[in-house]
Amino acid sequence: MDERVNQPVGVPSSEGTPAGADLGGLLKRCARGDESAFASFYDATSSRAWGVALRVVRNRAQAEEVMQEAYLTAWRQSGRFNPKRGRAEAWFLTIVHRTAVDRVRSAEASTRREQKYGEQSYDAPEHDATASAVHRSLEARRVHGALEALTELQRQAVELAYWGGYTHTEVAGILDIPVGTAKTRIRDGLIRLRDTLGVEA
């Protein structure tokens, strides 16, 4: 077994992205249970994946857990990757981002439960705080539902730009498209989000 498979997942590899790495081909091999392919995939993607995870959760320990879960998901779902629907790196970074967002939502839900318990300890609970927490939860669900209404390419571009923290140029590089095309996808995605959420321009 390749010794890199035993490297703690969650710590970005220092090897960086190999020039011309065929990530789609590596995923196909992962789907067949090829552990050396998984190690190569990890080396090629861990730096950018770490950047996405850390930008979302803003905590190194949490980011490491997100990385572990995301790579496990990628290993298990590698057979589902379809190169006709996008690049392998974008497919994986979407997994990382969604895993990180789920981690943040879980932490927020835990905080709300603690706040609710604390409020119940008083004779006069702070209804305004509770209403605000409920409102934030409902808004998060609306945004998540609106994202699902985008095309996959629009969703990837918007998630990378606004939740991953990447510039238009970086998004273009990750998705392997011209910068102008990346800007168009982000713009069209945001317009569709606005219309779905009923937000006035």
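Anyway, here's the lowdown on the structure attached to this text. Values in this document were obtained by computation on a predicted structure and should not be read as measured data.

Okay, the overall build of the chain next. Looking only at helices and strands, the chain has 8 helices and 0 strands in total. For the chain, the sequential pattern of α-helices and β-strands runs α-α-α-α-α-α-α-α. In the chain, 67% of the contacts between residues at least 6 apart in sequence involve partners at least 24 apart. Accessible surface, the chain: about 11700 Å² in total, of which carbon and sulfur atoms supply 49%.

The next point concerns the packing of helix 2 (residues 35–57) against helix 3 (residues 60–77). Between helix 2 and helix 3, the shortest axis-to-axis distance is 9 Å and the interhelical angle comes to 140°. Judged by the inter-axis angle, helix 2 sits oblique to helix 3. In this structure, helix 2 meets helix 3 at a crossing whose hand is right-handed. Residues E35, F38, F41, Y42, T45, S46, A49, W50, A53, L54 and V57 of helix 2 lie in contact with helix 3, whose contacting residues are R60, Q62, A63, E64, V66, M67, Y71 and W75. Grouping the amino acids of the contact of helix 2 with helix 3 by side-chain chemistry returns 13 nonpolar, 3 polar and 3 charged.

Any two side chains of opposite charge can pair, so long as their charged atoms come close to each other. For the structure shown, the criterion picks out 8 salt bridges. Put simply, R103 and E69 hold a salt bridge, and the shortest N to O gap is 3.6 Å. Of the two residues, R103 sits in helix 4 (residues 88–120) while E69 sits in helix 3, which places them 34 residues apart along the sequence. Linked by salt bridges that have partners in common, R48, R87 and E89 make up one network.

Calculation criteria
Residues numbered from 1 in each chain as written. Predicted model: local features only at pLDDT ≥ 70, side-chain atom pairs only at ≥ 80, totals over all residues. Heavy atoms only, no water. Helix = DSSP H or I, 4+ residues; strand = E, 2+ residues; numbered from the N terminus. Contact = heavy atoms within 4.5 Å. Areas by Shrake-Rupley, 256 points an atom, 1.4 Å probe, with all protein chains shown as cover. Axes fitted to C-alpha atoms, helices over the stretch in contact; angles between N-to-C directions. Parallel < 35°, antiparallel > 145°, perpendicular 65-115°, else oblique. Left-handed = near helix turned anticlockwise from the far one by under 90°. Nonpolar A, V, L, I, M, F, W, Y, C, P; charged D, E, K, R; others polar. Salt bridge = Lys/Arg side-chain N within 4 Å of Asp/Glu carboxyl O.

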